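# Commentary on secondary and tertiary structure
Residues per chain, in single letters:
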Amino acid sequence: MRKMNFFAGPSTMPVEVLEELRDQLVDYEGQGLSMIEASHRGGMFEEMYDECLATFRELMGVPENYDVYFLGGGATLQFAMIPMNFLLPGKSADYSKTGTWSNKATSDAKKFGSVNLFFDGTESNFTTLPDPKSVKPSPDSCYMYLCSNETIGGIEWQDFPDTGDVPLIADMSSDILSRPVDVSKFAMIYGGVQKNLGPAGATFIIMRKDMLERRNENLPAYLDYGLHAKEKGLYNTPPVFSIWAVKCNLDWIKRNGGAQGMLDRACKKAGMLYDTIDSSDFFRSPVDKRYRSRMNVVFRLPSEDLEKKFVKESQEAGMLGLKGHRSVGGLRASIYNALPMEAVENLCSFMKEFERKNG
Ligand SMILES: *Cc1c(COP(=O)(O)O)cnc(C)c1O
């Protein structure tokens, strides 16, 4: 029997998608060849890849004047590529420190140039965000950067700042396609696919074409967005397996109501879980209610010993991955698109029972 998978990433995938991959692995659509054996130049890979990009564009509502492609290197490589390409000499970039992932991006950017912090959540221990309406880019800013959902802290931007002519760049690794997003507000959206879109290995890039005119020249080939845009991510060998799985997963999202369908699912699951937390004095959420994540629900118990016990007993009950990230402790339930409602119902019953026995 499949376990209930609350891992933060790599994470749960729809069982239908896993079955499709299994069924097609050896002989893809009767072509006598596996997708992962095929050349990435032309033929069946490129046909599948083009469909993948088209479906991603459709589900995200990406306007014509944006490039969409996949790269390797994880979201982490983008922490460096973004300032290398767009942080111009003598100018600065606006960053916010809202948790582990944006903090890492900020620290990489500082290696390439001047960084203004428009928000620093250190004092609140990264449990709150700025009001987007209060956020303004600084005068010499090349771009403004944020992480839409801090996977470890469980905090999510519900709305985004209006940055005018200053390009807005977002890491959406852990909430991509969990809700409709107005892509035209952003100059670039990117993320690793291993949270909400597929298995680890690929990074999606959505970038407004005019960004290429603002970039630094003379970068090494792989680090230059200009080259990747021209080759739609096929300058070198792409992570073919991951991309194929993403394609199957995007088709699954489409069959299940697209971005709005995913939002409805997320609201139901997160709503049920936060209700269980809020209706008890035993469980507590450290995150500012206004910015609670619908993807990563972080919560605490009265003591660390009880938290350990909770992790152990939940594992025995078939629920994996509920231990919080080692950097923050506590508990975290990652309830991405593919996680079925029943898993959350199961978790909530388990929580109530655990409280009854230990509260
Ligand atoms: C997981 C994650 C990353 C890091 O992704 P890698 O693919 O491991 O480099 C970056 N940002 C966010 C928001 C994440 O959740």
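Placed above this text is the structure.
Bear in mind the structure is a predicted one, so any value in this text is a computation, not a measurement.

### Here's the deal with the pattern of salt bridges
Scanning the model with the defined rule gives 20 salt bridges in all. Among the ionic pairs, aspartate 67 bridges to lysine 209, the shortest N-O distance being 2.9 Å. Within this pair, whereas aspartate 67 is found in strand S2 (residues 66-71), its partner lysine 209 is found in the loop between strand S10 (203-208) and helix H5 (225-230), the two being separated by 142 residues in sequence. Using a relative accessible area of 12% as the deciding quantity, one classes aspartate 67 as buried. Given the relative accessible area of 38%, lysine 209 is considered partly exposed. Residue arginine 356 is joined to glutamate 353 by a salt bridge in which the shortest nitrogen-to-oxygen separation is 2.7 Å. Placement of both arginine 356 and glutamate 353 in helix H9 (residues 341-358) is noted, with a separation of three residues, approximately one turn of the helix. With a relative accessible area of 61%, arginine 356 lands in the exposed category.

### Here's the deal with the site of the ligand
Taken together, 13 residues form the shell around the ligand, and within it Thr76, Thr151, Asp171, Gln194 and Lys195 come nearest. At 2.4 Å from an oxygen atom of the ligand is found a side-chain nitrogen or oxygen belonging to threonine 151. One nitrogen or oxygen atom from the side chain of lysine 195 is found 2.6 Å from an oxygen atom belonging to the ligand. For the ligand, whose accessible area on its own is 390 Å², the fraction buried by protein is 86%. When residues in the shell around the ligand are grouped by element, the largest group, four residues, is from helix H3 (residues 74-86). For the shell around the ligand, the class distribution of residues is four nonpolar, seven polar and two charged.

### So, unusual backbone geometry
The residue after glycine 9, namely proline 10, is reached through a cis peptide bond having omega -5 degrees. Mapped onto the fold, proline 10 is located in the loop between strand S1 (4-5) and helix H1 (15-25). With a phi angle near 60 degrees, phenylalanine 126 is a residue other than glycine that sits in the positive phi range. With respect to the helices and strands, the residue phenylalanine 126 is situated in the loop between strand S4 (114-120) and strand S5 (141-147). The buried category is assigned to phenylalanine 126, whose relative accessible area is 17%.

### Topic: the packing of aromatic side chains
Summed over the entire model, instances satisfying the criterion amount to 19 aromatic pairs. Where phenylalanine 86 meets tyrosine 225, the ring centres are 5.5 Å apart and the plane angle is 10 degrees; that geometry is what we call stacked. Placement of the pair is phenylalanine 86 in helix H3 and tyrosine 225 in helix H5, with a sequence separation of 139 residues. Residue phenylalanine 86 shares its accessibility class with tyrosine 225, and that shared class is buried. Here a set of aromatic residues connected by ring pairs shows up, and it is made of Phe282, Phe283, Phe299, Phe310, Phe350 and Phe354.

### Quick notes on the nonpolar core
In this structure, Phe56 and Phe70 are the most contacted members of the largest nonpolar core, which totals 86 residues. Apart from the residues lying within four places of it in its own chain, the contact partners of phenylalanine 70 are Tyr49, Cys52, Leu53, Phe56, Val193, Ala202, Thr203, Phe204, Gly233, Ile243 and Val246. Counting 27 residues, the second-largest nonpolar core is a separate cluster that includes Ala270, Leu301, Val311 and Phe350.

### Digging into the sheet that holds S4
Taken together, seven strands build an open sheet; the order of strands is S2-S10-S9-S8-S5-S3-S4 and the sheet is mixed. One side of each edge strand has no neighbouring strand; the edge strands of this open sheet are S2 and S4. In this sheet, neighbouring strand axes are inclined to one another by 20 degrees on average, regardless of whether the strands run parallel or antiparallel. Packed on one face of the sheet, helix H2 (residues 43-60) meets S2, strand S9 (188-192) and S10 and runs near 125 degrees to S2.

Reading the values: rules and limits
Residues numbered from 1 in each chain as written. Predicted model: local features only at pLDDT ≥ 70, side-chain atom pairs only at ≥ 80, totals over all residues. Heavy atoms only, no water. Salt bridge = Lys/Arg side-chain N within 4 Å of Asp/Glu carboxyl O. Helix = DSSP H or I, 4+ residues; strand = E, 2+ residues; numbered from the N terminus. Buried < 20%, exposed > 50% of the residue type's maximum accessible area, 1.4 Å probe, protein only. Near = heavy atom within 4 Å. Polar contact = N/O pair within 3.5 Å; in protein donor to acceptor, adjacent residues only side chain to side chain. Areas by Shrake-Rupley, 256 points an atom, 1.4 Å probe, with all protein chains shown as cover. Nonpolar A, V, L, I, M, F, W, Y, C, P; charged D, E, K, R; others polar. Phe/Tyr/Trp six-rings, centres within 6.5 Å; stacked < 30°, edge-to-face > 60°. Core = buried A, V, L, I, M, F, W, Y, C linked by side-chain atoms within 4.5 Å. Contact = heavy atoms within 4.5 Å. Pairing = 2+ DSSP bridges. Axes fitted to C-alpha atoms, helices over the stretch in contact; angles between N-to-C directions.

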